[in-house]
Amino acid sequence: MNEPDLNLLIALDALLAEGSVAGAARRLGLSASAMSRTLSRLRAVTGDPLLVRAGRNMVLTPFADSVRERSQQTLADALAVLRPATTDIDLSTLNRTFVLRANDGFVEAFGPTLIVSAAKRAPNVRLRFAPKHEKSAKPLREGLVDLEIGVPGEMGPEIRLQTLFRDRFVGVVRNDHPLAATPTVTIEEYIAQAHVVASRRGRQTGPVDDALAALGLERHIAAIVPGFPAALAVAQASDLVALVPASFLLAASGRALHVFELPLTLPGITVAQMWHPRSQVDPAHRWLREFVLETCRNNWPEPRVSL
């Protein structure tokens, strides 16, 4: 049989995903020289350079870029064929690392419970939380992440998702702030204060500002920070008012913070877990999804009082 070595498909997938020989070598546990030899074989089989030098970096050729998603899906389909057809899973012997991509607030709020509960149910399972610098389906498509957790967006039609819980925005100030003594904060009292805004992209306005603008009002933004945990820290140490999802307060117990209902009606926040179809029927991955869903829904008491 004069057929290509199908093991090359695994190497091709790693090279196209990493975009470098060194990265693909690390992913597959090979030496750089062994990966270079494999790239030479792939070039001979495909008749294309696949990776070419661009300054100090390597970039994909047009052909390599055009087959990247097809190679990922082909490899996933091949592995699914070879995977034992079983729905049973023994958690006591399951030895696997699951990668969950989530923002800092989710990790702080639910990470400790997820880690402790997973250790009790499946002692050889490891949870690795990856940072979420931007919203993208790329890590899921490339198999670098098992679950993406956050607000659903333009992730692509093939990405599966399941709602974990419904969140909402609340206002937060330090315990001895003037608003903390107000039973019901009015919109006039709210906009009379200076505010700290959390934005990963440095944006100054958000849903509160849109709602205020519709009423012909605006608030004074005194500071912009990259995330909600930082906004909470600023609110605790200053007179500024923070706006955060209520779930971010699960990890704030014991901090001198007061939570109040906003004097505006804002859209709710849907927090979901998302995964690639290649993992849909994997028994271990199905257990992970059910475990995350159960843990989130059982540990989501909305904070309504001072912390």
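This text goes with the structure placed above it.
Residues numbered from 1 in each chain as written. Predicted model: local features only at pLDDT ≥ 70, side-chain atom pairs only at ≥ 80, totals over all residues. Heavy atoms only, no water.

K.L.:
When you look at the sheet that holds strand 11 (residues 257–260) in this model, what are you seeing that I'm missing?
P.N.:
What holds strands together in a sheet is hydrogen bonding between their backbones, with the strands either parallel or antiparallel. Here five strands make up an open sheet; going across it, the order is 9-8-10-7-11 and the pairing mixed. A single partner strand is all that each edge strand has here, and the edge strands are strand 9 (220–225) and strand 11. Taking the axes of each pair of neighbouring strands and ignoring which way they run, one obtains an average angle of 35° across the sheet. In this structure, strand 7 (residues 169–174) lies alongside strand 10 (residues 241–245), joined through four bridges in antiparallel fashion. Its bridge partner being in strand 10, phenylalanine 169 is matched across the sheet by proline 245. (Pairing = 2+ DSSP bridges. Helix = DSSP H or I, 4+ residues; strand = E, 2+ residues; numbered from the N terminus. Axes fitted to C-alpha atoms, helices over the stretch in contact; angles between N-to-C directions.)

K.L.:
Before we go on, may I ask you to explain the pattern of salt bridges in this structure?
P.N.:
Pairs can form between side chains of opposite charge whenever their charged atoms are close. On inspection of all chains with the given rule, the structure shows twelve salt bridges. The partner of aspartate 13 in a salt bridge is arginine 27, and the shortest N-O contact between them spans 3.8 Å. Placement of the pair is aspartate 13 in helix 1 (residues 7–18) and arginine 27 in helix 2 (residues 21–28), with a sequence separation of 14 residues. Overall, the relative accessible area of 9% leaves aspartate 13 in the buried class. Measuring nitrogen to oxygen at the nearest pair gives 2.9 Å for the salt bridge that ties aspartate 209 to arginine 219. (Salt bridge = Lys/Arg side-chain N within 4 Å of Asp/Glu carboxyl O. Buried < 20%, exposed > 50% of the residue type's maximum accessible area, 1.4 Å probe, protein only.)

K.L.:
I tried to follow a positive patch on the surface on my own but got confused; where do I start?
P.N.:
There is a patch of like positive charges on the surface, built from Lys135, Arg200, Arg201 and Arg203. Following the sequence through the fold, arginine 203 ends up in the loop between strand 8 (194–198) and helix 8 (207–214). (Patch = residues over 30% accessible without salt bridge, like charges linked within 9 Å, V, L, I, M, F, W, Y side chains within 5 Å. Areas by Shrake-Rupley, 256 points an atom, 1.4 Å probe, with all protein chains shown as cover. Lys, Arg positive; Asp, Glu negative; His and termini not counted. Charge placed at Lys NZ, Arg CZ, Asp CG, Glu CD.)

K.L.:
What should I look at first to understand the packing of aromatic side chains in this one?
P.N.:
We describe a pair of aromatic rings using the distance from one ring centre to the other and the angle between the two ring planes. Under the counting rule described, the total for this entry stands at seven aromatic pairs. Arranged with centres 6.4 Å apart and planes meeting at 55°, the rings of phenylalanine 169 and phenylalanine 228 form a pair that is tilted. Of this pair, phenylalanine 169 sits in strand 7 while phenylalanine 228 sits in helix 9 (residues 228–237), and the two are 59 residues apart along the sequence. According to the relative accessible area criterion, phenylalanine 169 is buried, its value standing at 18%. According to the relative accessible area criterion, phenylalanine 228 is partly exposed, its value standing at 21%. Between phenylalanine 228 and phenylalanine 248 the ring centres are 4.9 Å apart and the planes differ by 70°, which places this aromatic pair in the edge-to-face class. You can see phenylalanine 228 sitting in helix 9 and its partner phenylalanine 248 sitting in the loop between strand 10 and strand 11, a full 20 residues away along the chain. Using a relative accessible area of 10% as the deciding quantity, one classes phenylalanine 248 as buried. One aromatic cluster is present, formed by Phe98, Trp287 and Phe291 through successive ring pairs. Here the basic side chain of arginine 289 rests over the ring of tryptophan 275, its NZ or CZ set 4.5 Å away from the ring centre. (Phe/Tyr/Trp six-rings, centres within 6.5 Å; stacked < 30°, edge-to-face > 60°. Lys NZ or Arg CZ within 6 Å of the ring centre and 35° of its normal.)

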